[in-house]
Structure formats: structure tokens, C-alpha cells
Amino acid sequence: MTYTFQRGETVALALAVVSGDPGIVGTVTAAIKPAVEGRATPDPATPIAATFDVAFAAAAGADPARWLLTLVPAVTAALPAGAYLADARLTVGGRLAMTETIGLRLRDAVTS
């Protein structure tokens, strides 16, 4: 799955708690790397382009508990337009868990 955003806008993703106690989750980190043509996974040698700010949001009404992963406008404006890959790492009960990798595309805005 690929999500498209414009450079200079907020990129906001949610990592929802689908079951269990979110209290057993320790650290949550998330980052993006430039995508490499022809690869579905990031090249380990490619440096991280940006790291997400991560904040926990408790369940409210119909919205489940979740971690909000955000890249602020100043960060996305500084990145070149193009394709990126993102994932998150969580420690759950002392064990490492990783999300599926998703695609992000940053494009230049028509308006400025």
C-alpha cells in the first residue's frame, strides 16, 4: 500500500491497537527511507531520511487506542519528492515487533 502526500504538509499515520493491552508496549519508533527502484524492501545501506514523532492516543469513543506517527511540515518540505518506504518497531513485553513496510510518495504541490 502506498500513501501520497505533498511536500510541506503533515504526514500522519495511525498504528492502531487491534487487541491486547497497549500498556505492555515499550518503545515505538518509526522512520522512512528512500525507496530503491525494483526493491520492495529498503536497502539496509540507505540511511534513514526522517524519523516520525510518535505519540500515544488512548481509545476514545469508536476510535481505538493508537500510536500517532507524524512527520511535521518542515520535515516533509526538506525531503526530495519521490518514493519512500516506512515501518515501525515496537517492543512488546520485551520482544521486538515490526510492522509491515508501507510506501509513501511525496510530490511537489501545485500551489505554494
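Quantities reported herein were computed from a predicted structural model and do not represent experimental measurements.

Chemist: What's the story with the overall build of the chain in this structure? I'm lost.
Modeler: When its secondary structure is counted, the chain shows 1 helix and 9 strands. Mapped from its N terminus to its C terminus, the chain presents α and β elements in the order β-β-β-β-β-β-α-β-β-β. A principal-axis box enclosing the C-alpha atoms of the chain has dimensions of 40 × 35 × 20 Å. Per-residue burial over the chain gives 28% buried out of 112 residues. Put simply, 61% of the contacts in the chain that link residues at least 6 apart link residues at least 24 apart. Seen as two clouds, the 8 positive and the 9 negative side-chain charges of the chain have centres 4 Å apart.

Chemist: What should I look at first to understand the pattern of salt bridges in this one?
Modeler: For side chains of opposite charge, pairing can occur when their charged atoms come near one another. A full pass over the atoms with the stated rule returns 1 salt bridge. Linking Asp-108 and Arg-7 is a salt bridge whose minimum nitrogen-to-oxygen distance equals 2.8 Å. Here Asp-108 is found in the segment after strand E9 (102-107), whereas its partner Arg-7 is found in the loop between strand E1 (2-6) and strand E2 (11-16), with 101 residues between them in sequence. Among the residues examined, Arg-7 registers a relative accessible area of 28% and is labelled partly exposed.

Chemist: Please explain the confidence of the model for the chain as it appears in this structure.
Modeler: If pLDDT is low for a region, its predicted coordinates should not be looked at in detail. Overall, the prediction assigns the chain a mean pLDDT of 91, with 99% of residues at 70 or greater. Here strand E8 (residues 95-98) stands out as the element of the chain with the lowest mean pLDDT, 88, in contrast to strand E4 (residues 50-51), whose mean of 98 is the highest.

Chemist: Whenever I open this one, the nonpolar core confuses me. Can you help?
Modeler: Within soluble globular proteins, side chains that are nonpolar tend to cluster in buried spots. In terms of nonpolar packing, the biggest core is built from 22 residues, with Val-11, Ile-32, Phe-52 and Leu-104 touching the most fellow members. Broken down by secondary-structure element, the contributors of at least two residues to this core are E2, strand E3 (25-34), strand E6 (66-71), strand E7 (82-92) and E9. The residues touching Phe-52, leaving out its near neighbours within four places in the chain, are Val-11, Leu-13, Ala-30, Ala-31, Ile-32, Leu-69, Thr-70, Leu-71, Ala-86 and Leu-104.

Chemist: Can you walk me through the side chain of Lys-33 in this structure?
Modeler: If you trace the backbone, Lys-33 turns up in strand E3. The buried charged residue Lys-33 lacks any salt bridge partner; its closest oppositely charged side chain belongs to Asp-43, at an N-O distance of 6.6 Å. In contact with Lys-33, not counting residues within four places along its chain, are Pro-42, Asp-43, Pro-44, Thr-46, Pro-47, Ile-48, Ala-49, Tyr-84 and Leu-85.

Chemist: Can you walk me through the sheet that holds strand E5 (residues 53-57) in this structure?
Modeler: Two pairing modes exist for strands in a sheet, parallel and antiparallel, and in both the strands are linked by backbone hydrogen bonds. Reading across the sheet, the 3 strands line up as E2-E6-E5 and stay open at both edges, with antiparallel pairing between neighbours. Of all the strands in the sheet, just E2 and E5 have a single pairing partner and so form its edges. Pairs of neighbouring strands in the sheet enclose a mean axial angle of 25 degrees, with direction left out of account. Where E5 meets E6, 5 bridges bridge the pair, whose relative direction is antiparallel. Bridge assignment links Phe-56 to a residue of E6, and that residue is Trp-67.

The rules behind these values
- Residues numbered from 1 in each chain as written.
- Predicted model: local features only at pLDDT ≥ 70, side-chain atom pairs only at ≥ 80, totals over all residues.
- Heavy atoms only, no water.
- Helix = DSSP H or I, 4+ residues; strand = E, 2+ residues; numbered from the N terminus.
- Buried < 20%, exposed > 50% of the residue type's maximum accessible area, 1.4 Å probe, protein only.
- Contact = heavy atoms within 4.5 Å.
- Lys, Arg positive; Asp, Glu negative; His and termini not counted.
- Charge placed at Lys NZ, Arg CZ, Asp CG, Glu CD.
- Salt bridge = Lys/Arg side-chain N within 4 Å of Asp/Glu carboxyl O.
- pLDDT = per-residue confidence, 0-100.
- Core = buried A, V, L, I, M, F, W, Y, C linked by side-chain atoms within 4.5 Å.
- Pairing = 2+ DSSP bridges.
- Axes fitted to C-alpha atoms, helices over the stretch in contact; angles between N-to-C directions.

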